[in-house]
Amino acid sequence: MRNYQILNTAHVDTNGTLQLTNSEDNPEKPCLSMSREGAFISLSASFGPLEIALRLRYEDLAWRLEQLQPVPGLAITRQIGTVNSYFAVGLTEDKRIVMRPTLVTDAHGHLSFNLVGTADVYKAILKWLSAAPENL
């Protein structure tokens, strides 16, 4: 069973990096950070000492997030990246964004972080990407 960590705070630092965190006192400090590097987005998801780092095409990420439609339950509906490393995203009925940065090893398994951003976090991501979907 998946153990989702809630990200309810969005902050852009002085370098322009978007940091999504949880405002509650969680000793493992789940965090997802994104920074723009030309045509790419560097994405880092961390939980305690563990980190997954992905490099995604900006256009792919922005387009996919614009196109998300709400789905009942915590569903993953889109994947951005490659077969071996991707950022899976979905949108719940109450406009929370489900995010699963994933590294696939082979047929034996994968490593994923299970994160859910609040509706305000989803809006902050879209604003940071300068995307404006019609369904907001």
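Reference entry: report on the structure contained in this document. Because the structure is a prediction, the values reported are computed rather than measured.

1. Quick look at the overall build of the chain
Point 1. Within the chain, the regular secondary structure consists of two helices and 12 strands.
Point 2. Secondary structure elements of the chain, listed N to C terminal, follow the sequence β-β-β-β-β-β-α-β-β-β-β-β-β-α.
Point 3. Expressed along its principal axes, the backbone C-alpha trace of the chain runs to roughly 40 × 35 × 30 Å.
Point 4. Relative to its full complement of 136 residues, the chain shows a buried share of 40%.
Point 5. Put simply, 37% of the contacts in the chain that link residues at least 6 apart link residues at least 24 apart.
Point 6. Counting only carbon and sulfur atoms, one obtains 49% of the accessible surface of the chain, whose full area is about 7600 Å².

2. Remarks on the nonpolar core
Point 1. By size, the foremost hydrophobic cluster in this structure holds 30 residues, and its most contacted members are Met34, Phe87 and Ile125.
Point 2. Listing elements by their share of this core, those giving two or more residues are strand E3 (18-21), strand E4 (31-37), strand E5 (40-47), strand E6 (50-57), helix H1 (58-67), strand E9 (85-92), strand E10 (97-106) and helix H2 (119-128).
Point 3. In contact with Met34, other than residues within four places in its own chain, are Gly16, Thr17, Leu18, Leu20, Ile41, Ser42, Leu43, Leu61, Ile125 and Trp128.

3. With respect to the layout of surface pockets
Point 1. Here the largest pocket is characterised by a volume of approximately 160 Å³.
Point 2. Taken together, Asn3, Gln5, Phe47, Leu50, Leu111, Ser112, Phe113, Asn114 and Leu115 make up the lining of the largest pocket.
Point 3. Classifying every residue of the lining of the largest pocket gives five nonpolar, four polar and no charged.

4. With respect to the pairing of E3
Point 1. Burial along E3 is one-sided: Leu18 and Leu20 are buried, while Gln19 and Thr21, pointing the other way, are not.
Point 2. As defined by bridge partners, strand E2 (residues 9-12) adjoins E3 across four bridges and the pair is classed as antiparallel. Paired with Val12 across the two strands is Leu18, which belongs to E3.
Point 3. Once E2 ends, the chain turns through five residues before running back antiparallel as E3, passing Gly16 with a positive phi of about 85 degrees.

5. Topic: the packing of aromatic side chains
Point 1. Using the criterion set out here, one finds zero aromatic pairs in the structure.
Point 2. It is Arg36 that lies over the ring of Tyr58; its NZ or CZ is 3.6 Å from the centre.
Point 3. Geometry around Phe40 places Arg55 over its ring, the cationic atom sitting 4.1 Å from the centre.

6. Looking at H2
Point 1. Considered for burial, the residues of H2 that qualify are Val121, Tyr122, Ile125, Leu126 and Trp128. Buried residues of H2 fall within an arc of 165 degrees about the axis and therefore sit on the same side. Every exposed residue of H2 that faces more than 90 degrees away from the buried side is listed here: Asp120 and Lys127.
Point 2. The positive-phi residue at the C-terminal boundary of H2 is Ser130, with phi of around 60 degrees.

7. Regarding the sheet that holds E3
Pairing between the strands of a sheet is mediated by backbone hydrogen bonds and can be parallel or antiparallel.
Point 1. Strand order in the open sheet formed by five strands is E2-E3-E4-E5-E6, and the pairing between neighbours is antiparallel. Pairing within the sheet leaves two strands with one partner each, and these edge strands are E2 and E6. Adjacent strand axes in the sheet meet at a mean angle of 15 degrees when their direction is disregarded.

Cut-offs applied
Residues numbered from 1 in each chain as written. Predicted model: local features only at pLDDT ≥ 70, side-chain atom pairs only at ≥ 80, totals over all residues. Heavy atoms only, no water. Helix = DSSP H or I, 4+ residues; strand = E, 2+ residues; numbered from the N terminus. Buried < 20%, exposed > 50% of the residue type's maximum accessible area, 1.4 Å probe, protein only. Contact = heavy atoms within 4.5 Å. Areas by Shrake-Rupley, 256 points an atom, 1.4 Å probe, with all protein chains shown as cover. Core = buried A, V, L, I, M, F, W, Y, C linked by side-chain atoms within 4.5 Å. 1 Å grid on protein atoms, 1.4 Å probe; cavity = no way out; pocket = protein on both sides within 12 Å on 5 of 7 lines; lining within 4 Å. Points joined across faces, edges and corners; volume = space filled by probe spheres on them. Nonpolar A, V, L, I, M, F, W, Y, C, P; charged D, E, K, R; others polar. Pairing = 2+ DSSP bridges. Phe/Tyr/Trp six-rings, centres within 6.5 Å; stacked < 30°, edge-to-face > 60°. Lys NZ or Arg CZ within 6 Å of the ring centre and 35° of its normal. Arc of directions from axis to C-beta. Axes fitted to C-alpha atoms, helices over the stretch in contact; angles between N-to-C directions.

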